[in-house]
Amino acid sequence: MEKKFFKVTIDNISIEVEPGTTILQAARKIGGDVTPPAMCYYTHLKGSGGKCRTCLVEVAAGSAADPRPMPKLVASCRTSVMDGMIVKNITSERVMDARNGVVEFLLINHPLDCPVCDQAGECHLQDLSYEHGTEGTRYEFKRRTFEKEDIGPYIQLHMTRCILCYRCTFVADQLTDHRVHGVLDRGDHAEISTYISKAIDNDFSGNMIDVCPVGALTDKTFRFKNRVWFTRPVDAHRNCDKCCGKVTLWLRGDEVLRVTARKDEWGEVQAYDGKPGWICNDCRFHKKHKSDWVIEGLTNVNRHSVIAQGKYPGLHVPKEFLPKVMDGRKPKLLMDIHEISEVNKPEIDLSEIPGPPTSKTFGSQQ
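Residues numbered from 1 in each chain as written. Predicted model: local features only at pLDDT ≥ 70, side-chain atom pairs only at ≥ 80, totals over all residues. Heavy atoms only, no water.

Q: Any details on the sheet that holds strand β5 (residues 85-88)? Residues and values, ideally.
A: The 5 strands lie next to each other as β2-β1-β5-β3-β4, forming an open sheet whose pairing is mixed. Looking at strand neighbours, the two that pair on one side only are β2 (13-17) and β4 (74-75), the edges of this open sheet. Across 5 bridges, strand β1 (residues 6-10) lies against β2 in antiparallel orientation. Looking at the pairing, valine 8 lines up with isoleucine 15 of β2. Running at roughly 115° to β2, helix α1 (residues 23-30) makes contact with β1, β2, β3 (56-61), β4 and β5 of the sheet. Helix α2 (residues 93-106) rests against β3 and β5 of the sheet, and its axis sits at about 165° to β3. (Pairing = 2+ DSSP bridges. Helix = DSSP H or I, 4+ residues; strand = E, 2+ residues; numbered from the N terminus. Contact = heavy atoms within 4.5 Å. Axes fitted to C-alpha atoms, helices over the stretch in contact; angles between N-to-C directions.)

And the structure:
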């Protein structure tokens, strides 16, 4: 029996997809600017989507059988395509105006923590506000603020930064045996927290950090250690009996500053053999030496990302010409600046420092 496909047109680009495919998934097959942003939808988490409203699109024609347009904008992550459907994303002024409004609402209570936030450089809200935000705010009231909360030995919660995408609760529901955190209260009082300050201590709790689109959930072993664009991401793997063992190592020199799951171009965990590549806490928090891993090579990062700056997988280092000119003899060094000034001495492993590497920390180890 011949497989049936639906033809859908998004921003004047047509593509054929299987029935049941959402508009967002169809747009991701096309790629580029045609794809709507998504802050709450996550492919590998059942029930996600429909909360942030950043993926709203305009349906200009419902289907070939019923070409009437949908009167309101729809969430592309929750709306399935129909044969002959025509969708407008960046070609619709209604969509762009609505997206600007949604971003303004998301930023109402969000603090300006980008200069100190560990998520800076890989934050989806940062990218969204850069594209659709304004230079100022019309909000004149007091913003919601929360105290920082440790929800486990490795994770710190900054509820002030949270946009209530619910991704972390879906991870706890679908990856672990029992969930001890969730959304408390309702309306503008809603917040993510644990029940009676219970600690999250399951083996896959670290994946909540990977799915968080903002800096609300941070890795306590990496806090304030470095900026992501100063680190070098490499793909690596190890034999692990708990997870797939395929990760991205974030290096500064030979130091492993943090370990994350590998992500695709949409910022979601990559899938292997049809299964998402979640990683366990042992791989994420305890394997912080290069000797623990088999390095595969430099991670392929989108060239528009600030993380990709200065990282060239095809770089050829020029050969030293002085020994060749001097018939193989090494040039005499007048002075070794590292010996004279004691620069880089003693060697300090940033990954081994329990807190932020401040001047006080460096002074105590000299």
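Following the structure, the description resumes.
Q: Outline the environment of asparagine 100, supporting the account with residue identities and numerical values.
A: As for its placement among the helices and strands, asparagine 100 is situated in helix α2. Each C-alpha atom of the pair asparagine 100 and glycine 133 lies 6.2 Å from the other, and the pair is 33 residues apart in sequence. In this structure the side chain of asparagine 100 is engaged in a polar contact, spanning 3.2 Å, whose partner is the side chain of histidine 132. (Polar contact = N/O pair within 3.5 Å; in protein donor to acceptor, adjacent residues only side chain to side chain.)

Q: I'd love a proper account of the nonpolar core, names of residues and values included.
A: Among the nonpolar cores identified, the biggest contains 51 residues, and Met208, Val214, Leu217 and Leu249 are the most heavily contacted of them. With sequence-adjacent residues up to four places away left out, leucine 217 is seen in contact with Ile151, Ile155, Gln156, Leu157, Cys168, Met208, Ile209 and Cys212. Ala26, Val34, Val74 and Val87 belong to the second-largest nonpolar core, a separate cluster that totals 15 residues. (Core = buried A, V, L, I, M, F, W, Y, C linked by side-chain atoms within 4.5 Å. Buried < 20%, exposed > 50% of the residue type's maximum accessible area, 1.4 Å probe, protein only.)

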